[in-house]
Amino acid sequence: MTTAKSKAPLSSASAKTLTNMWCFLVVISLIVVSSDADSGSFIDDHHRHCSHRHPRAHEVVHGVHVEPAHIVKKRSINQQLRILLHYDDSVYRLDDRKFELINNTILPEAVHFWERALMVRETRGTIRLNRKCESTQVFVKDNLTHCIDTCKSETMCGEVVVPEEHLDACRICNKAGLNCRVEPGSVPGSGIDGADFVFYVSAMSTERCKKGLTVAYAAHCQQEAALDRPIAGHANLCPESISTKSQELETLLSTVKHEILHALGFSASRVPEEPRPASRLSTKRCKRTSGASRRSAR
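The protein is annotated in an unreviewed UniProt entry as Leishmanolysin-like peptidase from Trichogramma kaykai. A UniProt comment under Sequence similarities (unreviewed entry) is attached to the protein, and it reads "Belongs to the peptidase M8 family."

Undergrad: I'd like a description of the overall build of the protein, backed by residues and values.
TA: Looking only at helices and strands, the protein has five helices and 16 strands in total. The 298 residues of the protein split such that 43% are buried. Of all intrachain contacts in the protein linking residues separated by at least 6 positions in sequence, the fraction that spans at least 24 positions is 76%. When the accessible area of the protein is evaluated, it comes to approximately 16300 Å², of which 53% is carbon and sulfur surface.

Undergrad: Kindly report on the pairing of strand β13 (residues 197–202), identifying the contributing residues and their values.
TA: Of all six residues in β13, six are buried, a share of seventy percent or more. Neither face of β13 is open: one carries Phe 197, Phe 199 and Val 201, the other Val 198, Tyr 200 and Ser 202, and all of them are buried. Strand direction decides the pairing type here: strand β5 (residues 83–87) and β13, joined by five bridges, are parallel. Counterpart to His 86 in the pairing with β13 is Tyr 200.

Undergrad: Quick rundown of the UniProt feature "active site" (unreviewed entry) in the protein? Include the residues and the values.
TA: Those residues carrying the UniProt feature "active site" (unreviewed entry) are Glu 259 in this numbering. Checked against the element boundaries, Glu 259 lands in helix α5 (residues 249–263). Separated by 3.3 Å, the side chain of Glu 259 and the backbone nitrogen of Ala 218 make a polar contact.

Undergrad: Can you tell me about the state of the cysteines, naming the residues and giving the values?
TA: Taken as a whole and judged by the stated rule, the model has five disulfides. Here Cys 133 engages in a disulfide with Cys 147; their sulfurs sit 1.9 Å apart. Here the S-S torsion is close to -75 degrees, and the disulfide linking Cys 133 with Cys 147 is therefore left-handed. Pair noted here: Cys 133 is in the loop between β6 (119–120) and β7 (138–141) and Cys 147 is in strand β8 (residues 144–148), with a separation of 14 residues, a long-range link. Here the two residues Cys 133 and Cys 147 agree in accessibility, since each one is buried.

Undergrad: If you had to explain α5 to someone new, which residues and values would you point to?
TA: For α5, with 15 residues, the first-to-last C-alpha span of 21 Å sits near the 21 Å given by 1.5 Å per residue. Judged by how many residues are buried, α5 sits mostly within the fold: 11 of 15 residues are covered. Buried within α5 are the following residues: Leu 252, Leu 253, Ser 254, Thr 255, Val 256, His 258, Glu 259, Ile 260, Leu 261, His 262 and Ala 263. In the segment just after α5, Gly 265 is the residue with positive phi, at about 105 degrees.

Parameters and conventions
- Residues numbered from 1 in each chain as written.
- Predicted model: local features only at pLDDT ≥ 70, side-chain atom pairs only at ≥ 80, totals over all residues.
- Heavy atoms only, no water.
- UniProt positions renumbered as here; feature names shortened; annotations may be inferred.
- Helix = DSSP H or I, 4+ residues; strand = E, 2+ residues; numbered from the N terminus.
- Buried < 20%, exposed > 50% of the residue type's maximum accessible area, 1.4 Å probe, protein only.
- Contact = heavy atoms within 4.5 Å.
- Areas by Shrake-Rupley, 256 points an atom, 1.4 Å probe, with all protein chains shown as cover.
- Pairing = 2+ DSSP bridges.
- Polar contact = N/O pair within 3.5 Å; in protein donor to acceptor, adjacent residues only side chain to side chain.
- Disulfide = S-S within 2.5 Å.
- Expected span 1.5 Å × (residues − 1).

Okay, here's the thing in structure tokens:
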């Protein structure tokens, strides 16, 4: 007769790791479940659902270099999230009542809600976003992303053209990954200081606004190099669906809060990229690039 061996108890460190992981999953689940009822697209007056579309590979730029990874990872998570709001010109074209509601009430309250709720490793360097490349292939040299031959004339974040002052210089290599340099005449913008995330907001009547009764949609558009953390995102508010009725204020506010969550990178598409504690429940973290491949320059 053999006696079944009991499994060794988890060490306190392992137990704490698993507990923290499940607490994280429970909290995120509660946020998503509670906010699904306040999403940007409605089926009818009584049933609502989240119509979030995950950003496609070519819509997300990776490898924004703010600080070396070893410096970032040494910091504790003790900084409340700081969001910089940037309006596209389309926001200023809203009629006066809608602009006043969005500018004075909805966006300030929604942004402040997440700034109080979330903490991050403080971004101490100046944020300069990467320029998009004409080619889907990029080279990486000295931890900096280089396009092949040229950069796109405009870098988009959702529906918004990223201002030149927010962009880094255009870095290029030839097709063989040689002669890597800053493109002649290209200079880095002044960048963004004192923020951890840049949030671009537009108010355009797009094709996506015409699907169902969509009020808004959002996603992240750039990720920093050290931790793959979304560092810039966008939201488009559909002008025809913005209601200024007082009885619909809470619904609109909840919708915008929900969309900011997507802009910050909370999306099923990013689950494999999130760093997890080592356990059987972990998913493999895979670094993806904007469109296709990243190769080291020679």
